[in-house]
Amino acid sequence: MNLDMYADYIIKLIVAWAPNLLLALVTLFIGLKIVNWVTSLVEKTMDKKNTDVSLRNFLKSLVNIILKLLLVLSVISMVGVETTSFVAILAAAGFAIGMALQGSLSNFAGGVLILLFKPFKVGDVVEAQGFTGAVNSIQVFNTVMKTPDNKTIILPNGPLAASPITNFSTEDKRRVDFVFGIGYDDDIKKAKDLLLRIVNEDERILKDPEPFVAVSELADSSVNFVVRAWVNATDYWAVFFDTNEKVKNEMDAAGISIPFPQQDVHIIGNN
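Residues numbered from 1 in each chain as written. Predicted model: local features only at pLDDT ≥ 70, side-chain atom pairs only at ≥ 80, totals over all residues. Heavy atoms only, no water.

**Some words on the overall build of the protein chain**
Point 1. Assigned secondary structure in the protein chain consists of seven helices and eight strands.
Point 2. Taken over 271 residues, the protein chain has a buried fraction of 27%.
Point 3. The long-range fraction of contacts in the protein chain, counting pairs at least 24 apart against all pairs at least 6 apart in sequence, stands at 64%.
Point 4. As presented, the protein chain carries roughly 18000 Å² of accessible surface, and 62% of it is formed by carbon and sulfur atoms. (Helix = DSSP H or I, 4+ residues; strand = E, 2+ residues; numbered from the N terminus. Buried < 20%, exposed > 50% of the residue type's maximum accessible area, 1.4 Å probe, protein only. Contact = heavy atoms within 4.5 Å. Areas by Shrake-Rupley, 256 points an atom, 1.4 Å probe, with all protein chains shown as cover.)

Written out as structure tokens, the structure reads:
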């Protein structure tokens, strides 16, 4: 008898809740399609307006999250759960989760600060948190970088926004610095003239500001020259590598030695 009563009660519950549950599932399915469509529409709109890539990715993620949250609230209300009560519970749970996820909230705030103050943008080459690479994307909580050897580095936005950042892409010109050493027995003027000729012959090196060559240090094993030359940022590494190679070849041809650290060891034997 009791079993029949329970069965009847369950059937009545199913009959009462089935339409709402079915409607909620249909709404969820269609709603997710609409959310993806709206997100795509927002992205295309920002693309047409040439919105900064960094801001575009961030806003796209933010819109997607907000719309999905609103959809979940709508679906829950269709099932029969009181939205106001659920929101209160959600707020309390959100507070507890927020306390537990302070790092994530910090990362979100860091992402907002990065987009507002723009210390870098997508495509810039930066050095931050001990890593150097090109910024691939700025997301809600993280910034993704690609290193020169094609490694993916994911940096949390919170510490990133609060730490020093070196942006190598901000300026269109950069200075290339070299240090070359010659032996104490070599001719300083001859070496200086050779270095000046090398930098002046390279068409990639700018004439303004003028290249600078001078003796910088009388070191333990060598007389060191500092060479400073300005180039377009895109030519930096090509000039750096080519100049090092050319200086070595030219100094060898001119008979100018490039010393290396040496140490004399005296062995005192017992008589």
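**Concerning the packing of aromatic side chains**
Working definition: an aromatic ring pair is given by the centre-to-centre distance plus the angle between the planes.
Point 1. By the definition in use, this model includes seven aromatic pairs.
Point 2. Measuring from ring centre to ring centre gives 5.6 Å for F178 and F240, while their planes differ by 15°; the resulting arrangement is stacked. Of this pair, F178 sits in strand β6 (residues 173-182) while F240 sits in helix α7 (residues 236-254), and the two are 62 residues apart along the sequence.
Point 3. With a centroid separation of 6.5 Å and an interplanar angle of 5°, the aromatic rings of Y236 and F240 are classed as stacked. Separated by four residues within a single helix, Y236 and F240 lie in helix α7, roughly one turn from each other.
Point 4. Taken together, the aromatic side chains of F178, F180, Y236, W237, F240 and F241 make up a single cluster linked through ring pairs. (Phe/Tyr/Trp six-rings, centres within 6.5 Å; stacked < 30°, edge-to-face > 60°.)

**Side note on a nonpolar patch on the surface**
Point 1. On the surface, a nonpolar cluster with roughly 730 Å² of combined accessible area is contributed by L22, V26, F29, I30, I34, W37 and L41.
Point 2. In this structure, V26 sits in helix α1 (residues 2-48). (Patch = residues over 30% accessible without salt bridge, like charges linked within 9 Å, V, L, I, M, F, W, Y side chains within 5 Å. Salt bridge = Lys/Arg side-chain N within 4 Å of Asp/Glu carboxyl O.)

**Focus on unusual backbone geometry**
Point 1. A cis geometry characterises the amide bond from D208 onward to P209, with omega recorded as 5°.
Point 2. You can see P209 is positioned in the loop between α6 (188-201) and β7 (212-218).
Point 3. Positive phi outside glycine occurs at K118, with the angle close to 50°.
Point 4. Among the secondary structure elements, K118 is positioned in the loop between α4 (102-117) and β1 (125-128).
Point 5. Owing to a relative accessible area of 45%, K118 belongs among the partly exposed residues under this scheme.
Point 6. Look at Q129: it is not a glycine, yet its phi comes out positive at around 55°.
Point 7. If you trace the backbone, Q129 turns up in the loop between β1 and β2 (131-138).

**Structural notes on the layout of surface pockets**
Point 1. Of the volumes computed, that of the second largest pocket is approximately 240 Å³.
Point 2. Every residue lining the second largest pocket is listed: V125, T132, F168, S169, E171, R174, A233, T234, Y236 and W237.
Point 3. Residues of the lining of the second largest pocket, tallied by class, amount to five nonpolar, three polar and two charged. (1 Å grid on protein atoms, 1.4 Å probe; cavity = no way out; pocket = protein on both sides within 12 Å on 5 of 7 lines; lining within 4 Å. Points joined across faces, edges and corners; volume = space filled by probe spheres on them. Nonpolar A, V, L, I, M, F, W, Y, C, P; charged D, E, K, R; others polar.)

**Some details on the nonpolar core**
Point 1. Counting 21 residues, the largest nonpolar core has F180, I182, L195, V227 and M251 as the members making the most contacts within it.
Point 2. Among the elements of the structure, β6, α6, β8 (223-232) and α7 are those that each provide at least two residues to this core.
Point 3. Ignoring anything within four residues of it in the chain, the contact list for I182 reads D187, I188, A191, S222, V223, F225, M251, I256, S257 and P259.
Point 4. In terms of nonpolar packing, the next biggest core, distinct from the first, is built from 13 residues, V135, V140, M145 and L160 among them. (Core = buried A, V, L, I, M, F, W, Y, C linked by side-chain atoms within 4.5 Å.)

**Regarding the side chain of T143**
Point 1. Within the secondary structure layout, T143 lies in strand β3 (residues 142-146).
Point 2. Here N157 takes part through its side chain, which lies 2.7 Å from a polar atom of the side chain of T143.
Point 3. What T143 contacts, discounting residues up to four positions off in sequence, is I114, F120, V135, S137, I138, I153, I154, L155, N157 and L160. (Polar contact = N/O pair within 3.5 Å; in protein donor to acceptor, adjacent residues only side chain to side chain.)

**As for the sheet that holds β8**
Point 1. The antiparallel open sheet is built from three strands, whose spatial order is β6-β8-β7. Strands at the two margins of the open sheet, each flanked by one partner only, are β6 and β7. Adjacent strand axes in the sheet meet at a mean angle of 25°, parallel and antiparallel pairs treated alike.
Point 2. Two strands pair when backbone bridges link them, and β6 and β8 are joined in this way by ten bridges, in the antiparallel orientation. Note on β8: the bridge partner recorded for V179 is V226.
Point 3. Docked against the sheet, α7 engages β6 and β8, running at close to 20° with respect to β6. (Pairing = 2+ DSSP bridges. Axes fitted to C-alpha atoms, helices over the stretch in contact; angles between N-to-C directions.)

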